[in-house]
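Descriptive analysis of the structure
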Amino acid sequence: GDSVTQTEGLVTLTEGLPVMLNCTYQSTYSPFLFWYVQHLNEAPKLLLKSFTDNKRPEHQGFHATLHKSSSSFHLQKSSAQLSDSALYYCALRASNTNKVVFGTGTRLQVLP
Amino acid sequence: DAGVTQTPRHEVAEKGQTIILKCEPVSGHNDLFWYRQTKIQGLELLSYFRSKSLMEDGGAFKDRFKAEMLNSSFSTLKIQPTEPKDSAVYLCASSPGGWNYAEQFFGPGTRLTVL
């Protein structure tokens, strides 16, 4: 079945340093990949999603590249901000369904 | 446009009680999802409806969890009987559906505490 793996439960770093949150996946069908972000006491919301034409999605300074060869969709940002502190979920939707499978989430904590 | 609404926002139940959580999706959305959110498991799918038809009922959650979609603008999740391990945040999400990377729009969630 489809699955998403986020190996880091908590990532702590200092403001201004680069961010990379790992995401790998398994899927029988060519999936669409997503990153959702959930700030404290808020609902999860879409941060960015993959494209089929290998364009690199970007939003709020974050970007992610879908690498089919390594089944990865890591989230990156060049310089962390305090406001980036949140819970980040990687998710996939297989091409034959509207169901979305979420990873267990990575909490990003940015310190001053 | 109104987003996804969920009621109640907080629920406290005694072990063995029956509780019903409610969700109103974004108007016009065809897909509706119920998730359980915990720190350890993250977001776990409980039920998935497409145009009011149940597409998936979450496997391991089938025995005490039942979701229904009475019409295109209202869904309920019943937990019967509740157990302390059910304490979690329950999120409802809706999506336009279709094959165009449709994003999911989440409600604020219901925080359930079972004593």
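Going by the structure above, here's the rest.
Residues numbered from 1 in each chain as written. Chains lettered and ligands numbered in written order. Predicted model: local features only at pLDDT ≥ 70, side-chain atom pairs only at ≥ 80, totals over all residues. Heavy atoms only, no water.

1. Considering the state of the cysteines
For the structure shown, the criterion picks out two disulfides over all chains. Here Cys-23 of chain A engages in a disulfide with Cys-90 of chain A; their sulfurs sit 1.9 Å apart. On the sign convention where negative is left-handed, the bridge of Cys-23 of chain A and Cys-90 of chain A, at about -65° about the S-S bond, is left-handed. Placement of Cys-23 of chain A in the loop between β3 (19-21) and β4 (24-26) and of Cys-90 of chain A in strand β10 (residues 86-93) is noted, with a sequence separation of 67 residues between them. Overall, the relative accessible area of 0% leaves Cys-23 of chain A in the buried class. The disulfide partner of Cys-23 of chain B is Cys-92 of chain B, and the S-S distance across this bridge is 1.9 Å. (Disulfide = S-S within 2.5 Å. Helix = DSSP H or I, 4+ residues; strand = E, 2+ residues; numbered from the N terminus. Buried < 20%, exposed > 50% of the residue type's maximum accessible area, 1.4 Å probe, protein only.)

2. Let's talk about the pairing of β10 of chain A
All names here are of chain A. Taken across its eight residues, β10 has eight buried, putting it largely inside the fold. Residues of β10 alternate between two faces, with Ala-86, Tyr-88, Cys-90 and Leu-92 on one and Leu-87, Tyr-89, Ala-91 and Arg-93 on the opposite face, all of them buried. Note that strand β5 (residues 32-38) and β10 share seven bridges and pair antiparallel. Counted as the bridge partner of Trp-35 is Cys-90 from β10. Summarising the sheet, β10 and strand β12 (residues 106-111) pair through three bridges and their orientation is antiparallel. Within β12, the residue paired with Tyr-88 across the bridge is Thr-106. (Pairing = 2+ DSSP bridges.)

3. Re unusual backbone geometry
Residue Pro-8 of chain B is bonded to the preceding Thr-7 of chain B through a cis peptide linkage, with omega at -10°. Considering the arrangement of structural elements, one finds Pro-8 of chain B in the loop between β1 (5-7) and β2 (10-13). Here the amide bond leading from Gln-80 of chain B into Pro-81 of chain B is cis, since omega sits at -10°, within 30 degrees of zero. Note on placement: Pro-81 of chain B falls in the loop between β8 (74-79) and β9 (88-95). Even without being glycine, Asn-41 of chain A reaches a positive phi, approximately 65°. For Asn-41 of chain A, the location among the structural elements is in the loop between β5 and β6 (45-49). The exposure class of Asn-41 of chain A is exposed, given its relative accessible area of 72%. In this structure, Ser-71 of chain A is a non-glycine residue whose phi angle is positive, near 50°.

4. Observations concerning the nonpolar core
Membership of the largest hydrophobic core comes to 25 residues, with the highest contact counts inside it found for Trp-35, Leu-47, Leu-48, Leu-75 and Tyr-88 of chain A. Mapped onto this core, the elements with two or more residues apiece are β2 (10-14), β3, β5, β6, β8 (62-64), β10 and β12 of chain A. Here this core gets four residues from one element, more than from any other, and that element is β10 of chain A. In this structure, Val-4, Ala-13, Leu-21 and Phe-65 of chain B belong to the second largest nonpolar core, which totals 20 residues. (Core = buried A, V, L, I, M, F, W, Y, C linked by side-chain atoms within 4.5 Å.)

5. A short note on the side chain of Ser-95 of chain B
Tracing the backbone through its elements, the reader meets Ser-95 of chain B in strand β9. Setting aside residues up to four positions removed in sequence, Ser-95 of chain B forms contacts with His-29, Asn-30, Asp-31, Phe-33, Ala-102, Glu-103 and Gln-104 of chain B. (Contact = heavy atoms within 4.5 Å.)

6. Things to note about the interface of chain B and chain A
At the junction of the two partners, chain B supplies 24 residues and chain A supplies 23 residues. Counting the surface lost from both chain B and chain A, the interface buries some 1900 Å², and carbon and sulfur atoms represent 53% of this. Where chain B meets chain A, there are one salt bridge. In this structure, Lys-99 of chain A engages Glu-56 of chain B in a salt bridge whose closest nitrogen and oxygen atoms are separated by 3.0 Å. Here chain B is connected to chain A by four residue pairs in polar contact (both at pLDDT 80 or more). Only β4 (31-38) and β5 (42-50) of chain B provide two or more residues apiece to the side of chain B that touches chain A. (Buried area = accessible area lost by both parts, 1.4 Å probe. Salt bridge = Lys/Arg side-chain N within 4 Å of Asp/Glu carboxyl O. Polar contact = N/O pair within 3.5 Å; in protein donor to acceptor, adjacent residues only side chain to side chain.)

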